[in-house]
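Working through the structure, step by step
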Amino acid sequence: MVMTTHEEKMRTVRFRVAAAPHIVVNPDICRNQCTVHACVYVCPANLFVPLDDGGILFNYEQCFECGTCYIACNQEGAIRWAYPDGGYGVTFRES
Amino acid sequence: MTTHPANQQFDVIIAGAGPAGSAAALLTARAGLKVLLLERGEYPGAKNVSGAVFYGSAILNELIPGWWEQAPVERHICRRNIAFMSPATAVALDFRCAGPGYATAPYNGFTVLRPKFDRWLAAQAEAAGAFVLTSAVVDDVLREKGRIAGVRVRREQGDIYGKVVIACDGVNSFLAKKAGLQREFHPHELSLGVKEVIGLDPAVIEDRFHLTGNDGIAFEYLGAITEDVHGGAFLYTNRDSLSLGLIGQISSLVERRKRPYELLERFKAHPAVAPLVRGGKLREYSAHLIPESGWAMKPKLYTDGMLVAGDAAGFCLAAGLYLEGMNYAMQSGLAAAETAILACQKGNFSARTLAVYQKHLKQRHVSTDFRAYRHAPSFVNGPRLQNLYPEIVAQGMEQIFRVDGAPKRKILPLAYRMVRQSSIKPGQLLRDVYQVARTYLW
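Residues numbered from 1 in each chain as written. Chains lettered and ligands numbered in written order. Predicted model: local features only at pLDDT ≥ 70, side-chain atom pairs only at ≥ 80, totals over all residues.

Observations concerning the overall build of chain A
Note the following rule: Strands here mean DSSP runs of E at least two residues long; helices mean DSSP runs of H or I at least four residues long; both are numbered from the N terminus. To sort residues by exposure, count the other C-beta atoms lying within 10 Å of each residue's C-beta; 20 or more gives buried, 12 or fewer gives exposed, and values between give partly exposed, all with C-beta atoms placed from the backbone. Residue pairs qualify as contacts under a 7 Å threshold applied to their C-beta atoms, which are placed from the backbone.
Check the secondary structure of chain A and you find 4 helices and 6 strands. Mapped in sequence order, the helices and strands of chain A form the string α-β-β-α-α-β-β-α-β-β. Relative to its 95 residues, chain A shows a buried fraction of 40%. Pairs at least 24 residues apart make up 68% of the contacts formed inside chain A by residues separated by at least 6 positions.

This is the structure:
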């Protein structure tokens, strides 16, 4: 199939999930200081979930390690990120 | 210089086994230096994404004559198509060249799949004598007496020392930042690319795109295809798949609140694109950042004991007609290698010695190209050239070709009316015409 849902897209990508998250979101900043929540829209893996209380829930497991969230976020300190441990994270096979 | 255990001491340490890092490793290893090439992925290329057309065939041919005979290449590009799009219309410039250099060796460009190509290139560096260490994240630089003297790898006994460190660690280069050579980026300086590799039978690809044998085509799309997000889209033919992607500037994705993968779906559904991808099957979805601002986001390129190359140095030329990164990555990696070889011969690794990197970048036409197109990114990647004008051209052609019983209008009054109806001011239009001319003509 050519036309695919986001879930179908993500199922084609291989991840070796590390035990510890490489990206940490501080939901207090998202809740109290940020009204834009850019991460929710721009993340190509759709990993940022807005919560009812205005906070953000982040899943690191299916991260492309692209850095878009970090660049898009206009709140100092809300997103802290490093690369996952060597050999972990996304492993592209075709791209 | 302080001495360290022999197994932790190298002449050259290269962070990142993409085209910049592997080219640098290949050249320095061939010069007889002790070289360590570090890669954080499970294998070189595991973290890497491009469109991908590799326009550096002639460059690589100098290093490995006839390289395409042994490398995992897809198709050589001898057709290019640049299309201006409105929601229902496409107007295209179609280029085909069967002449020397395009359809014959050394070929102008090849489509490649990065996890395969990058892995092959790193293996060439390894065969030349470089030590390749995968699954190794470089977290920081090591300093000694005010100069950079090595890298800190995230593992037991991860401090590794080298006379020269070459940072080829990509668009998000942590090393260039840790060394104080690069600043933080703004969302308008970078674009996000989302991409799909779509499987399709080679016979269907040849028929559908009018290709013979291993010929390939590169389509690039401008206009309403990204809706109101600044960016564009592409479709490239591989041997038995298509690489299709959409590029959007981060700041405008944020402002318009657009999800990149939803734009990608609508791009595939465009009436000019849907018949090209029909019957295909998604093989892999991917995403990567593109340092589109080029010269404007260039870091300080060297310091005592360290050089920066490839995407880490912002060497990606995104200037409308040109969308090239791997060739400049390779050229800058080679320029860094030449610099490191010279420094090793002299036994001097100060910034003053490494400054010769600038000369090598010039000789390899990297800095000259980026200087020549230094005004292009902010202008070409802006809203009018990427979105508005292409859409007006597409709509204009739709009006010119329409036969509906109404009197025929000549092109100038038609164009005048279309510009009047758009948000463009005549003065702005004249300035843009001048800018386009200044960018591409002289």
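Overview of the interface of chain B and chain A
Note the following rule: Residues are grouped as follows: Ala, Val, Leu, Ile, Met, Phe, Trp, Tyr, Cys and Pro are nonpolar; Asp, Glu, Lys and Arg are charged; all remaining types, including Gly, are polar.
Listed as interface residues are 46 residues of chain B and, on the opposing side, 32 residues of chain A. Going through the elements one at a time, helix H3 (114-127), strand E11 (191-199), helix H6 (250-256), helix H7 (260-268) and strand E15 (281-290) of chain B are the ones with two or more residues in the side of chain B that touches chain A. Here the side of chain B that touches chain A takes 9 residues from E15 of chain B, the largest share from any one element. When grouped by side-chain class, the residues that make up the side of chain B that touches chain A number 24 nonpolar, 7 polar and 15 charged.

Considering the nonpolar core
Definition in use: Here, a nonpolar core denotes buried Ala, Val, Leu, Ile, Met, Phe, Trp, Tyr and Cys residues that are linked to one another through C-beta atoms within 7 Å.
Of all hydrophobic cores here, the largest spans 165 residues; its most connected members are Ile 14, Ala 24, Leu 37, Ile 166 and Leu 307 of chain B. Excluding anything up to four places from it in sequence, Ile 14 of chain B contacts Gly 21, Ala 24, Ala 25, Val 35, Leu 36, Leu 37, Leu 38, Ile 166 and Cys 168 of chain B.

Considering the environment of Tyr 285 of chain B
Residue and element names in this part refer to chain B. Secondary-structure assignment places Tyr 285 in strand E15. For Tyr 285, a count of 25 C-beta atoms within 10 Å gives the class buried. Residues Tyr 285 and Glu 196 lie 89 residues apart in sequence; the distance between their C-alpha atoms is 4.5 Å.

Describing the domain arrangement of chain B
Residue and element names in this part refer to chain B. Basically, it comes down to this: Where a domain begins and ends is set by an automatic assignment or by a domain database.
For chain B, the assigned domains are domain 1 (6-72 + 114-185 + 293-364) and domain 2 (378-440). Centre-to-centre separation of domain 1 and domain 2, based on C-alpha positions: 43 Å. Residue-level contacts link 5 residues of domain 1 with 5 residues of domain 2. In terms of residue class, the side of domain 1 that touches domain 2 is built from 4 nonpolar, 1 polar and no charged.

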